[in-house]
Amino acid sequence: MNTRNAALTRSDGTPVRVLVVEDEPDLAEVVTGALRYEGWDVRSAGSADAALREARTFRPDAVVLDIMLPDRDGLSVLRDLRAEQPHVCVLFLTARDAVEDRINGITAGGDDYVTKPFSLGELVARLQGLLRRAGMTRERAAGSLLVVGDLELDEDAHEVTRGGDPIDLSPTEFQLLRCLMRHTRRVLSKTQLLDLVWSYDFGGQAHVVELYISYLRKKIDSGRAPMIHTVRGTGYVLRPAHR
């Protein structure tokens, strides 16, 4: 995952609004987490009817829409969405071998699609492209310095210090720490970290996360009050050290 130097916002400077319509809870959680990582305002719905209700109040700029939903198909949801919000961007999620679904989705007015399983990096890039082409967004310079307690990470310079002492990190360690710092006090599961840092397709190997967390702890926490914590059965969280 590349370091982000600018955030994509709505034209009025407020966060981009994205509605994720997906009936698989685990997948919906990972996708919404990745989009929130971009600084966007994200909501989710697990059915067609719930999606339409949410869209009426949330007024999203873009919708990530699964074609196969439990109550109605995504194509009918698209028609109803566009009837009320004609300019909303719609990106379909389809099964890898469902060529007919992809054709029908684009023919029905969908703006783009990705096939399952997919890379979260690709999904985010597709949404960014749709929003830019629709003229709904603008780039906003983002601060390059992340600070949590006495830990500082400079995104532009790729430098990390704790208590003023420089810490040498590998590129992967840097991206993992960056992710944890951007989600300070929020517990991230191994699956979320795999997708946010490594952009693996779903079902990546959790031991990779455990290995790199151990590397980070040796460099960030060794000899100091710990900041990286394990939440048993859930994942990992970074918090300011207790003094």
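Nothing here was measured: the structure is a model prediction, and the numbers come from that model.

Caption draft 1: Structural context of the pattern of salt bridges. All told, the structure shown has 16 salt bridges when counted by the stated rule. Across the pair arginine 162 and aspartate 221 runs a salt bridge, and its minimum N-O distance is 3.2 Å. With arginine 162 in strand β10 (residues 159–162) and aspartate 221 in the loop between α8 (206–220) and β12 (228–231), this pair connects stretches of sequence that are 59 residues apart. The residues arginine 162 and aspartate 221 share a single accessibility class, namely buried. As a salt-bridge pair, glutamate 210 and lysine 190 come within 2.4 Å of each other at their nearest N and O atoms.

Caption draft 2: Looking closely at helix α2 (residues 48–58). For α2, the full list of buried residues reads Ala48, Ala50, Ala51, Leu52, Ala55 and Phe58. Packing partners of the buried residues in α2 comprise β2 (17–21), β3 (41–45) and α3 (74–84). Of the residues that open α2, the one with a side-chain oxygen 3.2 Å from the backbone nitrogen of alanine 50 is serine 47. Note on α2: the residue one or two positions beyond its end, arginine 59, has a positive phi of about 50 degrees.

Caption draft 3: Inspection of the environment of alanine 241 at higher detail. Within the fold, alanine 241 resides in the segment after β13 (235–238). On a C-alpha basis, the gap between alanine 241 and methionine 227 in space is 5.2 Å, while along the polypeptide they are 14 residues apart. Look past the residues within four positions of alanine 241 in its chain and what remains in contact with it is Arg162, Ala225, Pro226 and Met227.

Caption draft 4: The arrangement of empty space enclosed by the protein in detail. Throughout the structure, instances matching the rule amount to one cavity of 30 Å³ or more. Estimated volume of the largest cavity: approximately 30 Å³. Lining the largest cavity, in full, are Val30, Gly33, Ala34, His183, Arg186, Leu188, Gln192 and Leu196. Broken down by secondary-structure element, the contributors of at least two residues to the lining of the largest cavity are α1 (25–37) and α7 (190–198). Looking at which element gives the most residues to the lining of the largest cavity, the answer is α1, with three residues. Here the residues of the lining of the largest cavity sort into four nonpolar, three polar and one charged.

What counts, and where the lines are drawn
- Residues numbered from 1 in each chain as written.
- Predicted model: local features only at pLDDT ≥ 70, side-chain atom pairs only at ≥ 80, totals over all residues.
- Heavy atoms only, no water.
- Salt bridge = Lys/Arg side-chain N within 4 Å of Asp/Glu carboxyl O.
- Helix = DSSP H or I, 4+ residues; strand = E, 2+ residues; numbered from the N terminus.
- Buried < 20%, exposed > 50% of the residue type's maximum accessible area, 1.4 Å probe, protein only.
- Contact = heavy atoms within 4.5 Å.
- Polar contact = N/O pair within 3.5 Å; in protein donor to acceptor, adjacent residues only side chain to side chain.
- 1 Å grid on protein atoms, 1.4 Å probe; cavity = no way out; pocket = protein on both sides within 12 Å on 5 of 7 lines; lining within 4 Å.
- Points joined across faces, edges and corners; volume = space filled by probe spheres on them.
- Nonpolar A, V, L, I, M, F, W, Y, C, P; charged D, E, K, R; others polar.

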